[in-house]
Amino acid sequence: MRAEGEIAGAIDKARGASGNGETALARAKATHWTIEDSEELYRINGWGDPYFSINAAGHVTVSPRGDRGGSLSLYELVDALKQRNLNLPLLLRFPDILEDRIERLNACFAKAIARYNYPGYYRGVYPVKCNQHRHLLEDLVRFGQPHQFGLEAGSKPELLIALASLNTPNALLICNGYKDREYIETAILARRLGKIPIIVIEQLEEVQLVIEASRKLGVEPIVGVRAKLSTKGVGRWGGSTGDRAKFGLTVPEILQAVDELREAELLSSLQLLHFHIGSQISAIGAIKDAIREASQIYVELAKLGANMNYLDVGGGLGVDYDGSKTNFYASKNYNMQNYANDIVAEVKEACTERNLPVPTLVSESGRAIASHQAVLVFDVLSCSDVPTGAEEPASEGEHLIIRNLWETCQSISVENYQEAFHDATQFKDEAISLFNFGYVSLTQRAKAERLYWACCEKILAIARQQEYVPDDLEDLEKIMASIYYVNLSVFQSAPDSWAIDQLFPIMPIHRLNEEPTCRATLADLTCDSDGKIDQFIDLRGEIKSVLELHPFKQGEPYYLAIFLSGAYQEIMGSLHNLFGDTNAVHIKMTPTGYQIEHVVKGDTMTEVLSYVQYDAEDLIESVRKQSEQALQEKRITLQESRRLMQNYEQSLRRYTYLSST
Ligand SMILES: *Cc1c(COP(=O)(O)O)cnc(C)c1O
């Protein structure tokens, strides 16, 4: 047992330790937090350039036209939209960003073509599956017109969209995906409408379907083949290539397709070679290898007598979600210009060596075009902190386990914090075992837990100041994180974050001149424990398990946003717990500010219920009858019943998300 003096000394030592934990620099920052600190923390210059940055008021700003001028505060925009009764969560789409992406992609290819004296053209297409929404697609076709930018369809419904929407002369209509007779006939007949549909054979059976359809219709098709390259794809979609890939023909199958077409006297219609090695290719090396292999297949096909004219390099152009410019899966170690240069240079070399004319180059970039234009803004509803610890001195008569925890807590220092964490955890576990066997009372258990949290707080404060955090302490951040409850369904708005652990940049859109002193994970509105976000981008292509956020003040709005979410998320989103589509707004810059081009209202409850075959009128009728019955039996007052029906009917007309007003 320690003497009084020793305990006092221990307290001083412990105070000193927590004082050490907070370095002078950190203390200075706490009082002089600047927007530069926020920029660094959230890496916004890495992933946001040139569209997103922070202004002097500490708001995230968007510059939809990139370097070409004009910007606005997202915070002020959201406020203005709320005043128009457009509630959160709110999907903001910026068509100017879409235009800028298309301009950039085409400019990069134009530059590469000039640099390597490539005697041919680039004709990009946009893969419709990436984001099919009408306003977006119509904008995209219009923005693409100066570049003869086309569309790629991966299914019959997408073909229907593409056929109706694409009216750009000379733009390509690439027809991918599984095809039946109807698909193929429709695509072939599109030639009669002046389109350039290219039917890409993905399965050997499709060759005969094309031959039959072309004979029947008396129209010669333009045909492509999709090759299964042996080049290994990388990352999440690495399986898109190789012999066991879902799509495409192996080299022997390509040769068989050539034979079948030759026999049908249609070999001249084979004009395109396509490959797709997966999405979000993070390493330029993989792209180069694929182009090299595909270029060789291309020249061989030309030698075999096919009328080769196009080389379609598919999608895969990556997006730097964490801004680290590395080959980490949420990043990419190359830029758009490197990508275009490598494609142009490799293809030119392969063709020149064999004395062949170069093909028109086609790429199917989806993610790189559609991601940046969408920002999802949502609000925090409440926040739960970890139980705060308390260093209540343990008196001599106290249970040994509590005295042990108290002493551990007192002795924590930079020298022993790792060991102290083990001790504290062990004592806390013991306290719970003792409780389960009836040796420790509920009050004693509560005291033990409070002491444990106090230990964790002290240890974490020290650990955060260290250059390297020992592995066994990494979980401590998670244990000590607050939970911010957000007005959003991960399943609806960021499904890839749930399904494939994709990282998106997430940050507050205001208060960025204030230090974010809380560390938190996000929990969504669904009753599913998977409905959370607990992985965030970090420095140098790493992942952190908590996000720095500002203390939540009840009654004051706190807005966060998920950025770079314009590709794939919207259509893959699902109605888990019947949270529907969010409100979406298209914001276009004007010479004097901005204008709301389109408002696409999110689902009402009536709408989501109809997706699962409920009729709102029937539902109202059922509740009305029950309430009538209750009235008869005097279980409810007339007033209560009126209130119930009013709420019920109003809810049906409302947004599925929570209203903060
Ligand atoms: C999905 C897909 C694309 C788009 O890929 P991104 O990585 O989004 O550019 C292009 N082509 C094909 C065949 C696809 O399946």
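Predicted model only: the values in this text are computed from it and were never measured.

## Some thoughts on the pairing of strand β7 (residues 172–175)
Consecutive side chains along a regular strand alternate between the two faces of the sheet.
And then number 1: Side chains of β7 alternate between two faces, with L172 and I174 and L173 and C175 buried alike.
And then number 2: Where strand β6 (residues 150–153) lies against β7, three bridges are found, and the strand directions are parallel. Of the residues in β7, the one forming a bridge with E152 is I174.
And then number 3: As for the winding sense of the linkage, the β-α-β connection from β6 through helix α8 (residues 156–165) to β7 is right-handed.
And then number 4: Here β7 runs beside strand β8 (residues 196–201); their pairing, made up of four bridges, is parallel. When the sheet's bridge partners are listed, C175 is paired in β8 with I199.
And then number 5: Following the backbone out of β7, through helix α9 (residues 181–189) and into the adjacent parallel β8, one traces a crossover that is right-handed.

## Section: unusual backbone geometry
Glycine aside, the phi torsion of most residues is negative, and most peptide linkages are trans.
And then number 1: Residue P50 follows D49 across a cis peptide bond; omega there is 0°.
And then number 2: With respect to the helices and strands, P50 occurs in the loop between α4 (44–48) and β1 (52–54).
And then number 3: The residue Q148 is not glycine, and still its phi comes out positive at about 50°.
And then number 4: Within the secondary structure layout, Q148 lies in the loop between α7 (134–144) and β6.
And then number 5: Of note in the backbone geometry, D501 takes a positive phi value of approximately 55° without being a glycine.
And then number 6: Note on placement: D501 falls in the loop between α20 (495–499) and β15 (506–508).
And then number 7: Under the relative-accessibility criterion, D501 is labelled partly exposed at 41%.

## So, the site of the ligand
And then number 1: Around the ligand, a shell composed of 16 residues is seen, among which K129, S279, E364, G366 and Y568 lie nearest.
And then number 2: Note that an oxygen atom of the ligand is positioned 2.6 Å from one of the side-chain N or O atoms of K129.
And then number 3: Here an oxygen atom of the ligand sits 2.8 Å away from a polar atom, N or O, in the main chain of G366.
And then number 4: Protein contacts shield 92% of the accessible area of the ligand, which totals 390 Å² for the unbound molecule.
And then number 5: Class assignment for the residues of the shell around the ligand results in two nonpolar, nine polar and five charged.

## Thoughts on a negative patch on the surface
And then number 1: On the surface, a cluster of negative charge is contributed by D471, D472, E474, D475 and E542.
And then number 2: Among the secondary structure elements, D472 is positioned in the loop between α17 (442–464) and α18 (474–480).
And then number 3: When its relative accessible area of 31% is taken as the criterion, D472 is described as partly exposed.

Reading the values: the criteria
- Residues numbered from 1 in each chain as written.
- Predicted model: local features only at pLDDT ≥ 70, side-chain atom pairs only at ≥ 80, totals over all residues.
- Heavy atoms only, no water.
- Buried < 20%, exposed > 50% of the residue type's maximum accessible area, 1.4 Å probe, protein only.
- Helix = DSSP H or I, 4+ residues; strand = E, 2+ residues; numbered from the N terminus.
- Pairing = 2+ DSSP bridges.
- Right-handed = clockwise from strand over helix to strand, strands pointing away.
- Near = heavy atom within 4 Å.
- Polar contact = N/O pair within 3.5 Å; in protein donor to acceptor, adjacent residues only side chain to side chain.
- Areas by Shrake-Rupley, 256 points an atom, 1.4 Å probe, with all protein chains shown as cover.
- Nonpolar A, V, L, I, M, F, W, Y, C, P; charged D, E, K, R; others polar.
- Patch = residues over 30% accessible without salt bridge, like charges linked within 9 Å, V, L, I, M, F, W, Y side chains within 5 Å.
- Salt bridge = Lys/Arg side-chain N within 4 Å of Asp/Glu carboxyl O.
- Lys, Arg positive; Asp, Glu negative; His and termini not counted.
- Charge placed at Lys NZ, Arg CZ, Asp CG, Glu CD.

Interpretation note: all reported values are geometric properties and have no functional meaning in isolation.
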